[in-house]
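The lines below spell out each chain.
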Amino acid sequence: MNQVSEIARRAAGAAPALAAMSVADRVALLDAIADALDGAADELVAVAGEETALPDARLRGELARTTAQLRKFGVVVAEGGYLEATIDHADPGDVPPRPELRRMLRPIGPVAVFAASNFPFAFSVAGGDTASALAAGCPVVVKTHPGHPRTSARTAELVAGALTAAGAPAGAFQTVAGFDEGLALVDAEQIEAVAFTGSLRGGRALLDRCTARAKPIPFYGELGSLNPVVVTPEADAARGAELAAGLAGSFQLGDGQFCTKPGLVLVPAGSALEAALPASVGTGAPRMLTETIATGFETGRDRAAAVPGVEVLAGGGSATAPTVLAADAATLLAHRELLEEVFGPVTVLVRYADPAARDAVLEALEGSLTMTLHAEPGEDVVGLAEAMASRAGRVLFGGWPTGVAVSWAQHHGGPWPATNTVFTSVGAMAVRRFLRPIAYQDAPASVLPPALRDDNPLGILRRIDGVLRLP
Ligand code: NAP
């Protein structure tokens, strides 16, 4: 573990120089990583394919998403609004009298990133957590995932090489491997925040560990999510078969190994969706990303299927076969274990006889990353939309939740147990997790960072005396 301490020390050593880099230089770092990964795409995709059994097209798409994401964070850094630069001039007449205050966000310091198993590129070594932490100006130490060790090692080599060539300070990016090394990293006093994508159990353990440190640090966990879908009787009558095809595609995408997989679907009793769905369910037994995930899937699916009142509509029973289960609303409410996420290709149809039964299920749901509503134009869905918005980080009106765009307005988060935080882990605002506000009071101009100087040398959007000002 001495090695982890040394790595954490090196990361801390890099922090001041990384934070002080100019905007252009920080953007260049992100672009350099993206270029290096794009340049090695064939090699990376081949290794990841061997380790994960994910198909070539999926891996190529994921790598392209990963490098586009790095470049988009460069755009966020250059735009500068993420700094939330705010200037209040002194006002002795205010109640109470106001000194001059200048507030902005600054990098939090070294960040530990726990790579996910299910996206060997986009949520792994050079994924969203790493990209957003570097964009914020923070050194990164990645705890690699044992599900794709060679992909992780080669990616890390490319990232480190690109950063060095682009002028990043030594220690700006490093990795550790191994369970105990991950724990030592969380404990290292130089680490200022932890970002994690994985199981509720593992995330909870690490969250508690972050809190129990002599100096507690923030933990940003993306954990478990059911991603419920509601289909109204009108939508089912109008396009039940089409919805069945969409659901089949979404819950089996990536063999169900997505945090946004729709795991519970509220359908009217006797729905056309239910009648059509089994025909679109695959019959093979896919190889899952890791043995642990395969075992977890089979155990969770079989436990849900064994609940009295649950029917197996498709699959079930054999290894990792995609599975559709069905139950009525009363069964679900009597067996809350059906509300737990089962990671892998299974979804549960919950039949409701009337809106009251549907709403009782909605009331019982915990937080999710997403909730989706399928309704027809003209239906009054205001109440449903509010019930969903109170439980999810992203509410979809039509469509399916798998597929998470990387953009300014994205929110990939949600109430516990989806996450333990109010922040997003995908999209521009993911940088916010790794920034800490500071207010300068009556500071001399010589100490002010460029973002807060009167002449606005960065040319960024700022709020001045309460009014947003464009440069
Ligand atoms: P995981 O078991 O939670 O592991 C994720 C990372 O955390 C790994 O690096 C793991 O280290 C580490 N870890 C786990 N428990 C820990 C603990 N108690 N103390 C310290 N470190 C710990 O997740 P996974 O391996 O990716 O997949 C297992 C399950 O996670 C899946 O079945 C699924 O339920 C869930 N999952 C959820 C998402 C999501 O986006 N919400 C994504 C992927 C997986 P080691 O591997 O070295 O043990």
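Residues numbered from 1 in each chain as written. Predicted model: local features only at pLDDT ≥ 70, side-chain atom pairs only at ≥ 80, totals over all residues. Heavy atoms only, no water.

Colleague: Looking at this structure, how should I read the pairing of strand β6 (residues 193-197)?
Modeller: It is a general feature of regular strands that their side chains alternate between the two faces of the sheet. With five of five residues buried, β6 is to be regarded as a mostly interior element. Side chains Ala193, Ala195 and Thr197 of β6 all project onto a buried face; the interleaved residues Val194 and Phe196 project onto the opposite face, where all are buried too. Pairing geometry for β6 and strand β7 (residues 219-222), over four bridges, is parallel. Following the sheet pairing, Val194 is matched in β7 by Phe219. As for the winding sense of the linkage, the β-α-β connection from β6 through helix α8 (residues 200-212) to β7 is right-handed. (Buried < 20%, exposed > 50% of the residue type's maximum accessible area, 1.4 Å probe, protein only. Helix = DSSP H or I, 4+ residues; strand = E, 2+ residues; numbered from the N terminus. Pairing = 2+ DSSP bridges. Right-handed = clockwise from strand over helix to strand, strands pointing away.)

Colleague: How should the UniProt feature "domain: Aldehyde dehydrogenase" (unreviewed entry) in the protein chain be read in this particular structure?
Modeller: The UniProt entry lists residues 3-270 under the feature "domain: Aldehyde dehydrogenase" (unreviewed entry), expressed in the numbering used here. As annotated, residues 3-270 has a helix share of 52% and a strand share of 15%, and its two end C-alpha atoms lie 61 Å apart. (UniProt positions renumbered as here; feature names shortened; annotations may be inferred.)

Colleague: Any chance you could explain the environment of Ile293 here in plain terms?
Modeller: Tracing the chain through its elements places Ile293 in helix α11 (residues 291-305). When the C-alpha positions of Ile293 and Ala334 are compared, they lie 27 Å apart, and in sequence the two are 41 residues distant.

Colleague: What exactly am I supposed to notice about the sheet that holds strand β5 (residues 173-176) here?
Modeller: Each strand in a sheet pairs with its neighbour through backbone hydrogen bonds, running either in the same direction (parallel) or in the opposite one (antiparallel). Strand order across the open sheet formed by five strands is β5-β4-β3-β6-β7, with parallel pairing between neighbours. Looking at strand neighbours, the two that pair on one side only are β5 and β7, the edges of this open sheet. Neighbouring strand axes in the sheet, compared pairwise and without regard to direction, differ in orientation by 15° on average. As paired strands, strand β3 (residues 111-114) and β6 are joined by four bridges and run parallel to one another. In the strand pairing of β6, Val111 is matched with Ala193. (Axes fitted to C-alpha atoms, helices over the stretch in contact; angles between N-to-C directions.)

Colleague: Looking at this model, I keep getting lost on the domain arrangement of the protein chain. Mind explaining?
Modeller: Think of interface size as the accessible area that goes away when the parts come together; that is how it is often given. As far as domains go, the protein chain holds domain 1 (2-223 + 420-469) and domain 2 (229-397). Contact residues are listed per partner, giving 13 residues for domain 1 and 11 residues for domain 2. Between domain 1 and domain 2, the buried area comes to about 880 Å², and carbon and sulfur atoms account for 61% of it. Inspection of the domain 1/domain 2 interface yields two residue pairs in polar contact (both at pLDDT 80 or more). Taken together, the residues of the side of domain 1 that touches domain 2 sort by class into four nonpolar, five polar and four charged. (Domains from an automatic or database assignment. Contact = heavy atoms within 4.5 Å. Buried area = accessible area lost by both parts, 1.4 Å probe. Polar contact = N/O pair within 3.5 Å; in protein donor to acceptor, adjacent residues only side chain to side chain. Nonpolar A, V, L, I, M, F, W, Y, C, P; charged D, E, K, R; others polar.)

Colleague: Where do I start with the site of the ligand in this structure?
Modeller: Around the ligand, a shell composed of 20 residues is seen, among which Ser117, Lys143, Ser199, Leu223 and Cys259 lie nearest. Contact between the ligand and Lys143: an oxygen atom at 2.7 Å from a side-chain N or O atom of the residue. For the ligand, the accessible surface in isolation is 870 Å², of which the surrounding protein chains cover 82%. Here the shell around the ligand is built from residues that sort into 11 nonpolar, seven polar and two charged. Structurally, the shell around the ligand is a two-domain feature, drawing no fewer than three residues from each of domain 1 (2-223 + 420-469) and domain 2 (229-397). (Near = heavy atom within 4 Å. Areas by Shrake-Rupley, 256 points an atom, 1.4 Å probe, with all protein chains shown as cover.)

Colleague: Just to check I follow, could you spell out the sheet that holds strand β14 (residues 392-397) for this structure?
Modeller: Taken together, seven strands build an open sheet; the order of strands is β10-β11-β12-β9-β8-β13-β14 and the sheet is mixed. Each edge of the open sheet is held by one strand with a lone partner, namely β10 (311-314) and β14. Mean inter-strand twist for the sheet, computed between neighbouring axes without regard to direction, equals 20°. Judged from the three bridges that link them, strand β8 (residues 229-231) and strand β13 (residues 368-374) form a sheet pairing that is parallel. Paired with Val230 across the bridge in β13 is Leu373. Running at roughly 30° to strand β11 (residues 323-328), α11 makes contact with β10, β11 and β12 (346-352) of the sheet. Across the sheet, helix α14 (residues 382-389) touches β8, β13 and β14, and the angle it forms with β14 is around 150°.

Colleague: Please clarify how a nonpolar patch on the surface should be interpreted in this entry.
Modeller: Among the surface-exposed residues, Val75, Trp408 and Met429 lie close enough to one another that they form a single nonpolar patch of about 290 Å² accessible area. Locating Trp408 in the fold gives a position in the loop between β14 and β15 (435-441). On the basis of relative accessibility, which here comes to 45%, the residue Trp408 falls in the partly exposed class. (Patch = residues over 30% accessible without salt bridge, like charges linked within 9 Å, V, L, I, M, F, W, Y side chains within 5 Å. Salt bridge = Lys/Arg side-chain N within 4 Å of Asp/Glu carboxyl O.)

Colleague: I'm lost on the packing of helix α2 (residues 23-39) against helix α5 (residues 128-136) in this one. Help?
Modeller: Geometry of a packed helix pair, given as the angle between the helix axes and the separation of the axes. The interhelical angle for the contact between α2 and α5, taken along N-to-C directions, is 160°, at an axis separation of 9 Å. Between α2 and α5, the angle falls in the class roughly antiparallel. The chirality of how α2 crosses α5 is right-handed. Seen from α2, the contacting residues are Arg26, Leu30 and Ile33; seen from α5, they are Ala131, Leu134, Ala135 and Ala136. Here the residues of the contact of α2 with α5 are counted per class, giving six nonpolar, no polar and one charged. (Parallel < 35°, antiparallel > 145°, perpendicular 65-115°, else oblique. Left-handed = near helix turned anticlockwise from the far one by under 90°.)

Colleague: Teacher, can you tell me more about the pattern of salt bridges here?
Modeller: Pairs can form between side chains of opposite charge once their charged atoms are near each other. Enumeration according to the criterion identifies 27 salt bridges in this entry. Ionic pairing is found between Arg10 and Glu6, a salt bridge with its closest N-O pair at 3.9 Å. Taken together, the positions of Arg10 and Glu6, both in helix α1 (residues 2-20) and four residues apart, correspond to about one turn of that helix. Residue class for Arg10 comes out partly exposed when judged on its relative accessible area of 39%. Look at Glu6 and you get partly exposed, because its relative accessible area is 33%. Between Arg358 and Asp359 there is a salt bridge, with the nearest N and O atoms lying 3.0 Å from each other.

Colleague: What is the right way to read the pairing of strand β2 (residues 101-107) from this model?
Modeller: The sheet contact formed by strand β1 (residues 86-88) and β2 spans three bridges and is antiparallel. Residue pairing in the sheet places Ile87 in a bridge with Arg102 of β2. Note that β2 and β15 share seven bridges and pair antiparallel. Bridging across to β15, Leu105 finds its partner in Pro437.

Colleague: So what exactly am I meant to see when it comes to the nonpolar core here?
Modeller: Where a protein is soluble and globular, its nonpolar side chains tend to be buried together. Counting residues in each nonpolar core, the largest one holds 98 residues, and the members touching the most others are Leu37 and Phe434. Ranked by the residues each element gives to this core, the list is headed by α2, at seven residues. Looking at which domains feed residues into this core, each of domain 1 (2-223 + 420-469) and domain 2 (229-397) supplies at least three. Residues within four places of Phe434 in sequence aside, it is in contact with Arg106, Pro107, Ile108, Val111, Asp129, Ser132, Ala133, Ala136, Cys138, Ala193, Ala195 and Tyr220. Counting 21 residues, the second largest nonpolar core, distinct from the first, contains Phe196, Leu206, Leu207 and Leu223. (Core = buried A, V, L, I, M, F, W, Y, C linked by side-chain atoms within 4.5 Å.)

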